[in-house]
Amino acid sequence: MKPQLESLGVYKAGLSEEALKRKFNVEGEFSRLASNENPIGPSPQVYEAIRSQDALNYYPDPEAIQLKASLLEFYQVDSEQILVGAGLDEIIMMISRARLNPKGHILTSEGTFIQYTTHALIEDNEVVTVPLKEGKFDLESFKDKMNDETSIIWICNPNNPTGTYVTETELTGFLESVHEDVMVVLDEAYFEFVLREDYPDGVALLKRFPNLIVLRTFSKAYGLAGLRVGYAITSKAYIDVFNKVKLPFNVTALSLVGAIAALKDQQYLKDYVAHNDKERNKFFEADYKEHLIDSVTNFIFVKTNQPEALFEALIKGGVIARPMPNGVRISIGTRDDNEKVHKVLNSFFS
């Protein structure tokens, strides 16, 4: 067994609803707002596509040809620039496995998605981090941390769990400073939610920066978290290497047809994003808004030095959220879900 695994824990998604009810002595239904899921669910066209599948005794397409065709038409890129995985977790694992040599290092931020660090440690790499600056990636400080051992730079934009983003000017200025031999992975899992004009479109930057990899997913805005479909868009040279570590039948047949149907129904996506934007704005109009980090995503980060106390208050208010070291991340749900959250936060901070 790899010795570095001894220091790693097992990822825990949190206690089950029944365990939470027993622990905190509460009853009733919970609003599940811990994992940044789409509370409304996917387009009806997804269910229709899945119901039409009747050849489940055969393996799925290992090349995801039809989904890639839909993505290349949507993004106007070549199919050889696309890698499809079982969620972005698997894409991150494939990139790390293919790229990282022992004793190298990755560069990322503190307070960001944990899987970048997890897979670097599994591959026996050092993890170099830069503190967040007002909840944002501080790309200017990244420049001082880069060296000849840097293999991958991970940038989460918007950032999970804070919901902040770096602007196009900030990102392009940083990319211009990175040597072309260093791989830069831009995780845009929450791309669809951002309605700010200065937010960069990573795919549009690929022609300028061949060392860039853009990650996107169907789990969040498209509501397919249960089907596990993520993808990377980058150069053919990178994709050829990643395909060597990809499992041959990694994405299920149902997941593939579901993702194709979801991508086609852009009006459904726009309607959900509009709902999310409207509901998110209500949080930043509330009396407790000073305790929030400005978010452009489908979740908010509530700053508090008593995260466990707030987590418990939310549980007792019928809401499952995600406690963090310096606060609690809460997904934006339905209007009824969010009313529960407003009630708890108003009480907690009053």
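Let me sum up the structure you'll find in this document. What you see as residue numbers is a count from 1 along each chain, following the sequence as written. Only residues with pLDDT of 70 or above have their local features reported here, since the model is predicted, and side-chain atom pairs are shown and tallied only from 80 upward, although totals for entire chains, interfaces and linings are computed over all residues. Note that water and hydrogens are dropped before the side-chain values are worked out from all heavy atoms of the structure.

### Description of the packing of aromatic side chains
Part 1 of the reasoning: A pair of aromatic rings is counted whenever rings of Phe, Tyr or Trp (Trp by its six-membered ring) have centres within 6.5 Å, and the orientation is called stacked for planes under 30 degrees apart, edge-to-face for over 60 and tilted otherwise. In total, this model carries 16 aromatic pairs according to the counting rule given.
Part 2 of the reasoning: Measuring from ring centre to ring centre gives 6.1 Å for Phe24 and Phe311, while their planes differ by 75°; the resulting arrangement is edge-to-face. Note that Phe24 is positioned in helix α1 (residues 17-24) and Phe311 in helix α11 (residues 307-316), a separation of 287 residues in sequence. Accessibility classification places Phe24 together with Phe311 in one group, the buried group.
Part 3 of the reasoning: Seen in terms of ring centroids, Phe193 and Tyr272 are 5.8 Å apart; in terms of plane orientation they differ by 80°. Their pairing is edge-to-face. With Phe193 in the loop between β6 (183-187) and β7 (212-217) and Tyr272 in helix α10 (residues 266-283), this residue pair connects regions lying 79 residues apart in the sequence.
Part 4 of the reasoning: Buried means the residue's accessible area, taken with a 1.4 Å probe over protein chains only, is under 20% of the maximum for its type, while exposed means over 50%, and partly exposed covers the values in between. When its relative accessible area of 1% is taken as the criterion, Phe193 is described as buried. Secondary structure is summarised from DSSP: a helix means a run of H or I of at least four residues, a strand means a run of E of at least two, and numbering begins at the N terminus for each.

### Some points on the side chain of Glu90
Part 1 of the reasoning: Within the element layout of this structure, Glu90 appears in helix α4 (residues 87-99).
Part 2 of the reasoning: Under the counting rule used here, the positive set is Lys and Arg, the negative set is Asp and Glu, and His together with the chain ends is not counted. Salt bridge, as used here: a side-chain nitrogen of Lys or Arg that lies within 4 Å of a carboxyl oxygen of Asp or Glu. No salt bridge is formed by the buried Glu90; the nearest opposite charge belongs to Lys246, separated by 7.4 Å.
Part 3 of the reasoning: Working rule for contacts: check all heavy atoms of both residues, and any pair within 4.5 Å makes them a contact. Setting aside anything within four residues of it in sequence, one finds Glu90 in contact with Gly85, Leu247 and Asn250.

### Regarding the packing of α11 against helix α12 (residues 335-349)
Part 1 of the reasoning: A fitted line through C-alpha atoms represents every axis, and for helices the fit uses only the stretch in contact; the resulting angles, taken between N-to-C directions, go from 0 to 180 degrees. Axis separation between α11 and α12 bottoms out at 9 Å; the angle between their running directions is 135°. With respect to α12, the element α11 is oriented oblique. For the crossing formed where α11 meets α12, the hand is right-handed. Of the residues in α12, those in contact with Ala309, Leu310, Ala313 and Leu314 of α11 are Val341, Val344, Leu345 and Phe348.
Part 2 of the reasoning: Here the contact of α11 with α12 is composed, by residue class, of 8 nonpolar, no polar and no charged. Orientation labels follow simple angle bins: below 35 degrees gives roughly parallel, above 145 gives roughly antiparallel, 65 to 115 gives roughly perpendicular, and whatever is left gives oblique. Should the near helix be turned counterclockwise from the far one by less than a right angle, the crossing is left-handed, whereas a clockwise turn marks it as right-handed. Classification used: nonpolar for Ala, Val, Leu, Ile, Met, Phe, Trp, Tyr, Cys and Pro, charged for Asp, Glu, Lys and Arg, polar for all others including Gly.

### Regarding the sheet that holds strand β2 (residues 82-85)
Part 1 of the reasoning: Pairing in this open sheet of 7 strands is mixed, and the strands run β2-β8-β7-β6-β5-β3-β4 from one edge to the other. Each edge of the sheet is formed by a strand with only one pairing partner; in this case those strands are β2 and β4 (126-130). Neighbouring strand axes in the sheet, compared pairwise and without regard to direction, differ in orientation by 20° on average.
Part 2 of the reasoning: Pairs of strands are assigned from DSSP output, requiring at least two bridges between the strands. Pairing of β7 with strand β8 (residues 230-233), which is carried by 4 bridges, proceeds in the antiparallel orientation. Bridged to Thr217 within β8 is Gly230.
Part 3 of the reasoning: Where α4 meets the sheet, its contacts fall on β2, β5 (150-156), β6, β7 and β8, and the angle it forms with β2 comes to roughly 120°.
Part 4 of the reasoning: Across the sheet, helix α7 (residues 168-175) lies against β5, β6 and β7, angled at about 175° from β5, the strand it touches most.

### Notes on the environment of Pro62
Part 1 of the reasoning: Structurally, Pro62 can be placed in the loop between α2 (44-51) and α3 (65-75).
Part 2 of the reasoning: The spacing of Pro62 and Leu15 is 47 residues in sequence and 34 Å in space, taken between C-alpha atoms.
Part 3 of the reasoning: If sequence neighbours within four positions are ignored, Pro62 has contacts with Lys246, Pro248 and Phe249.

### Looking at the nonpolar core
Part 1 of the reasoning: The definition of a nonpolar core used throughout is a set of buried Ala, Val, Leu, Ile, Met, Phe, Trp, Tyr and Cys residues joined through side-chain atoms within 4.5 Å. Core analysis: the largest hydrophobic core is formed by 73 residues, its most contacted members being Leu67, Ile95, Leu215 and Phe218.
Part 2 of the reasoning: Looking at this core, the element that brings in the most residues is helix α9 (residues 253-264), giving 6 residues.
Part 3 of the reasoning: In this view, Ile95 contacts Ile152, Trp154, Met183, Val185, Ile213, Leu215 and Phe242; residues no more than four positions away in its chain are not counted.
Part 4 of the reasoning: One finds Ala286, Val319, Val328 and Leu345 within the second-largest nonpolar core, a separate group that totals 17 residues.

### Here we look at the sheet that holds strand β9 (residues 292-293)
Part 1 of the reasoning: What the 4 strands build is an open sheet, ordered β9-β10-β13-β12; its pairing is antiparallel. Unpaired on one side and paired on the other, β9 and β12 (322-324) mark the two borders of the sheet.
Part 2 of the reasoning: Summarising the sheet, strand β10 (residues 299-303) and strand β13 (residues 327-331) pair through 5 bridges and their orientation is antiparallel. Residue Ile300 lies in a different strand from β13, and its bridge partner there is Ile330.
Part 3 of the reasoning: In the packing of α11 onto the sheet, contacts are made with β10, β12 and β13, and the angle to β13 comes to roughly 35°.

### Comments concerning the side chain of Ser295
Part 1 of the reasoning: Locating Ser295 in the fold gives a position in the loop between β9 and β10.
Part 2 of the reasoning: Counted as a polar contact is a pair of N or O atoms within 3.5 Å, where, for protein atoms, one must be capable of donating a hydrogen and the other of accepting one, and residues adjacent in sequence contribute only when both atoms are in side chains. In this structure the side chain of Ser295 is engaged in a polar contact, spanning 2.6 Å, whose partner is the backbone oxygen of Phe299.
Part 3 of the reasoning: In this structure Ser295 touches Thr162, Gly163, Arg196, Arg280, Phe284 and Ile300, once residues within four positions along its chain are discounted.

Keep in mind these values describe shape, not function.
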